[in-house]
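Chains, contacts and geometry: an overview
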Amino acid sequence: MAIILGLESSCDDTAAALVDTDRQILSQAVVGQADRHSPYGGVVPEIAARAHVEILPDLVRQVLEDAEMEIGDIDAIAATAGPGLVGGVMVGLLTGKGLALAAGKPLIAVNHLEGHALSPRLADPSLDFPYLLLLASGGHCQLLEVRGVGDYRRLATTIDDAAGEAFDKAAKQLGLGYPGGPAVEKLAAEGCPTAVPLPRPMIGSGEPHFSFAGLKSAVQRAVASGQFEPEDVAASFQQAVIDCFVDRTRIAIEQADVKSLVVAGGVAANQGVRRSLEKLAGQHGLAFSVPPGWLCTDNAAMIAWAGVERFASGEFAGDPLDTPARARW
Ligand code: KG4
Ligand code: ZN
């Protein structure tokens, strides 16, 4: 059994976690920075990087203390090395490198998207490769055939905005502040999903790609028209995103050779998204898996778990200490 320390700092959540190879989360902590960014209506990279510097060392101390461990008890240190806001990524990766060097432990430089992609296997031990993954976060919207650790086939991506970005922009239009996803979901619960006519971009296209920019503009026009109640706009917007997810994922199911459908990333915390994709999986005889909400949004347990998976996948001795922080990966 090995214990991995995970560090996450690629966007506006600072997080640390200890996870072992038996899927036990020994301790974890996430500090969101929404209050620091909400006055600006979105994440300010410079503020995020400075906040990670302030918060991360204490979180590392806290997770070690909560698990009654010292850094010497840890077998490896997994840190997000990208993609993300590069200032923040540097803070987490450099912290990981410093700890690895000081404690004489291997460093595992984790791709944040791989963290999301493998996170369902932390929560669901029965989930085997290969599976079809809808990865919908603030920065990405992709359909991936996950064949194994480090073995991914991308079937689709967004040609403009990410799904979470669309939620955040719709929230801004509705005056709901940042982050938008949870606020839109809450307001949508009180509205009618068919009240506002909104487009379903890409539906009918033979390739399973996504597009959300047109939907964003349509929400903007609906709000500006003053004809609709905010809760109806929220509900109709959410339904449009769900309809796109279901239609696009259906095409991908036909193209992929998998037994399970999995949803991950921040937008997978949305109950309507979860229910609709579960139904789609059932219609195609696929098993369905979605991590609990806290594991969908950014956290360090998924980074530690990606470290576990890579550690366990062969003769992995660790990544070099000069591994760069990457904005794009
Ligand atoms: O995965 P994540 O925490 O960070 C990134 O890697 O981007 O995803 C954050 C995104 C944000 O855009 C947020 O608005 C969205 O996920 N989100 C949601 C919900 N919770 C978070 N979108 C819809 N419904 C939610 N309940
Ligand atoms: Zn993320």
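In the nomenclature of an unreviewed UniProt entry, the protein is known as tRNA N6-adenosine threonylcarbamoyltransferase of Sphingomicrobium clamense. For the record of the protein, the UniProt heading Sequence similarities (unreviewed entry) holds the text "Belongs to the KAE1 / TsaD family." The protein has a UniProt comment under Subcellular location (unreviewed entry) that states "Cytoplasm".

1. Some details on the UniProt feature "binding site: Fe cation" (unreviewed entry) in the protein
In the UniProt entry, the feature "binding site: Fe cation" (unreviewed entry) is given for H112, H116 and D298. Taking the farthest pair of C-alpha atoms as the criterion, the annotated set spanning 187 residues converges on one region, since that pair is 9.0 Å apart. Counting through the fold element by element, H112 comes out in helix α4 (residues 112-123). Taking the number of C-beta atoms within 10 Å as the measure of exposure, H112 has 27 and is therefore buried. H112 has contacts with S10, T80, G82, P83 and G84, leaving out every residue within four places of it along the chain. Position of H116 relative to the elements: it lies in helix α4. H116 gets classed as buried once you count the C-beta atoms within 10 Å, which come to 29. Each residue touching H116, except ones within four places of it in the same chain, is listed here: L135, S137, A264, G265 and M302.

2. Notes on the site of ligand 1
Taken together, the neighbourhood of ligand 1 is formed by 20 residues, with G138, G164, G181, G266 and N270 sitting nearest. Among the residues making up the shell around ligand 1, the classes are represented as six nonpolar, 10 polar and four charged. Split by domain, the residues of the shell around ligand 1 number at least three in each of domain 1 (3-116 + 296-312) and domain 2 (129-290).

The rules behind these values
- Residues numbered from 1 in each chain as written.
- Chains lettered and ligands numbered in written order.
- Predicted model: local features only at pLDDT ≥ 70, side-chain atom pairs only at ≥ 80, totals over all residues.
- UniProt positions renumbered as here; feature names shortened; annotations may be inferred.
- Helix = DSSP H or I, 4+ residues; strand = E, 2+ residues; numbered from the N terminus.
- Buried ≥ 20, exposed ≤ 12 C-beta atoms within 10 Å, placed from the backbone.
- Contact = placed C-beta atoms within 7 Å.
- Near = placed C-beta within 6 Å.
- Nonpolar A, V, L, I, M, F, W, Y, C, P; charged D, E, K, R; others polar.
- Domains from an automatic or database assignment.

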